[in-house]
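Architecture and fold: a report
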Amino acid sequence: MKTAIIGLPQVGKTSLFTILTGVATQARLGATAVHLGVARVPDKRLEALARVFEPQKVTHATVEYVDMPALSKESLRDPSYLASLRVADAFAHVLRLFRDASIPHPEGSLDPARDWRNADLELILSDLVVIEKRLERLEKDRKKIKSAELEQEQLLLEKCKAALEAEQPLRELDLDAESAKRIRGFQFLSEKPMLLVLNLGEAQAADLHRIEEDYRHDLLAGRAHTALAAVCGKIEAEIAELGPEEAREYLASYELAESGLERLIHASYSLLGLMSFFTGGDTEVRAWTIYKNSTALAAAGTIHTDFEKKFIRAEVIQWDELVALGGYAGARPRRLTPIPEMLPLLLGLTAALAEVFGGLIIVRRRWERRFLHYFIALGAGFLLAAVFLEMIPEALRLAERRALFFVLVGYLIVHLAEHTLSSHFHFGEEVHGEEMAGAGRSFAVLAGLMIHAFFDGIAIASGFLVSNWLGMVLFTAIFLHKIPEGFTVASVMVAGGRGPRTAMMAASLLGVSTMSGVLVMLLFSPGVGVGLPLAVAAGVCIYVAASDLIPEINQQPGIRLALVVFVGVGVLLALRYLLRV
């Protein structure tokens, strides 16, 4: 990410660049000879973490600056100079506010607002030329082919043209994300974020903050993607030669809390839409640069692409809390993440209790059993949607091509359990008493359902290890068939001549199996990962939805239950839309 430092001759642009970056290198930006340099982003948070860990190395985030040749009417109309500016990601426009009779101003007087306005108008004119040429080309292309893409581009460019003709830079245009992405491809100069840098004289340093606020109010009111920072080049040059303690005392003499260059760097960093996150240990404490509002997944990918590809979860803590606790040793008893395991455990217990409740329905006979069919239908649709829209895509991301094989393994495990251990049962009250007679047959059904319940627990826990969203989706899908599951196993026991106590014990064992799956996944996931268990659980869920739940619905007359299946799918789709997942 490059920030090009621009400005009129004799404004102190190159001096500020040198102080910012120290040693600069000669380079070319497009066809233009420039100086390149890198500035560390000062960060008190990083320094505090370094005091805690005492690492061998401290690595700051950085901002790359480009010192461009001075602006002039000639340079701003030179195609090669403009092409070089287009490569930059943002501009830092140095505006002269210091008075020095020995250094004449090109315009004859000091007026930062005028200097910025004149330069911005040249950028606007340059963009207008680009747009007019592109619109001419689009008009020819649209006569040859009908394309919605070309129509959208023409409408967008006409909107941009209207703004430029009204002398409004494109950085201030209100565009949706798709349109903003589209115009970035043109590398319009007036679209790039702009940092205004007021270069004050030494006599003005004591009023630096007031001057900065006054100009910010006058120049930036209502302007998007524009920021302002005031510095005093002479003071910054002197600070650069002092030690840290002497520099603080020198700044204090001007009633300044921090150097102007620190604020300039922070302003550049923020204007580029960047932020930092930190990693720390005995070897290195480091600030990593990511875009604002990035996810933990994107942050992991900044460290190493494999971390993003195989991301499971991250333990995070606020930097100041970590400093206050004296490092990781003090933080662990407080838990780095408040409820990494508690949430799947609590929801796994809820699912287990739902199975016990299903058993109570058989024993107590207080609930009309026809309502179970609505649970089954809603659960079938929701579960199928969860498998194909959430579980399998996540398993493929985490385990790649192996995932599909393990989906098949999960499907076959339950097929084997339900059709080898037990010859016949279905969800709902068991009516084939003669088939269930005998302890062996009814307990075989229990064994098959316990295997299924165990993998339900695996699914709940593995979902939360990927994301809270996936965990909640899988819990909801599984919970919806847990009451019918407890109902089924209890009805099998009763049909096989067992008493109410045995029926309740069977339903409770299913709950224990569900909790066992949750616990096993949480305990062993660091060693085996999440991708393969999630793939197996997906296969189990496919079997449960397609071979257990859907056939039960198909046995019921009418279309009502079939439509409830679609409602289950719709519920998940609605949640994805509402939560923008």
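On a predicted model such as this, the values are computed, not experimentally measured, just so you know.

**Focus: the overall build of the protein chain**
- A count of helices and strands for the protein chain gives 24 helices and ten strands.
- The buried share of the protein chain, reckoned over its 581 residues, is 48%.
- In the protein chain, the share of contacts with a sequence separation of at least 24, taken over all contacts with a separation of at least 6, comes to 73%.
- As displayed, the protein chain has an accessible area near 28300 Å², and 58% of this comes from carbon and sulfur atoms.

**A word on a nonpolar patch on the surface**
- Together, Leu519, Val520, Leu523 and Phe524 make up a nonpolar patch on the protein surface, roughly 390 Å² of accessible area in all.
- Positionally, Leu523 belongs in helix H22 (residues 500–528).

**Regarding the packing of helix H5 (residues 148–165) against helix H6 (residues 177–184)**
- Look at H5 against H6: their axes get within 11 Å of each other, and the N-to-C directions meet at 85°. Considering the angle they form, H5 stands roughly perpendicular to H6. On H6, the residues touching Glu149, Gln152, Glu153, Leu156 and Cys160 of H5 are Ser179, Arg182 and Ile183.

**Thoughts on the nonpolar core**
- If you look at the biggest cluster of nonpolar residues, it comprises 72 residues, and the most contacted ones within it are Tyr65, Met68, Leu85, Phe91 and Leu195.
- Sequence-distant contacts of Met68, that is, excluding residues within four places in its chain, are made with Ala4, Ile5, Ile6, Lys13, Leu29, Thr32, Val34, Tyr81, Ser84 and Leu85.
- In terms of nonpolar packing, the next biggest core, distinct from the first, is built from 57 residues, Phe464, Leu474, Phe475 and Leu532 among them.

**Quick look at the side chain of Glu153**
- Looking at the element boundaries, Glu153 is found in helix H5.
- Classification of Glu153 as buried rests on a relative accessible area of 10%.
- One polar contact links Glu153 to Arg134, side chain to side chain, over a distance of 2.7 Å.
- The contacts of Glu153, once residues within four sequence positions are left out, are Arg134, Leu138, Arg182 and Phe186.

About the cut-offs
Residues numbered from 1 in each chain as written. Predicted model: local features only at pLDDT ≥ 70, side-chain atom pairs only at ≥ 80, totals over all residues. Heavy atoms only, no water. Helix = DSSP H or I, 4+ residues; strand = E, 2+ residues; numbered from the N terminus. Buried < 20%, exposed > 50% of the residue type's maximum accessible area, 1.4 Å probe, protein only. Contact = heavy atoms within 4.5 Å. Areas by Shrake-Rupley, 256 points an atom, 1.4 Å probe, with all protein chains shown as cover. Patch = residues over 30% accessible without salt bridge, like charges linked within 9 Å, V, L, I, M, F, W, Y side chains within 5 Å. Salt bridge = Lys/Arg side-chain N within 4 Å of Asp/Glu carboxyl O. Axes fitted to C-alpha atoms, helices over the stretch in contact; angles between N-to-C directions. Parallel < 35°, antiparallel > 145°, perpendicular 65-115°, else oblique. Core = buried A, V, L, I, M, F, W, Y, C linked by side-chain atoms within 4.5 Å. Polar contact = N/O pair within 3.5 Å; in protein donor to acceptor, adjacent residues only side chain to side chain.

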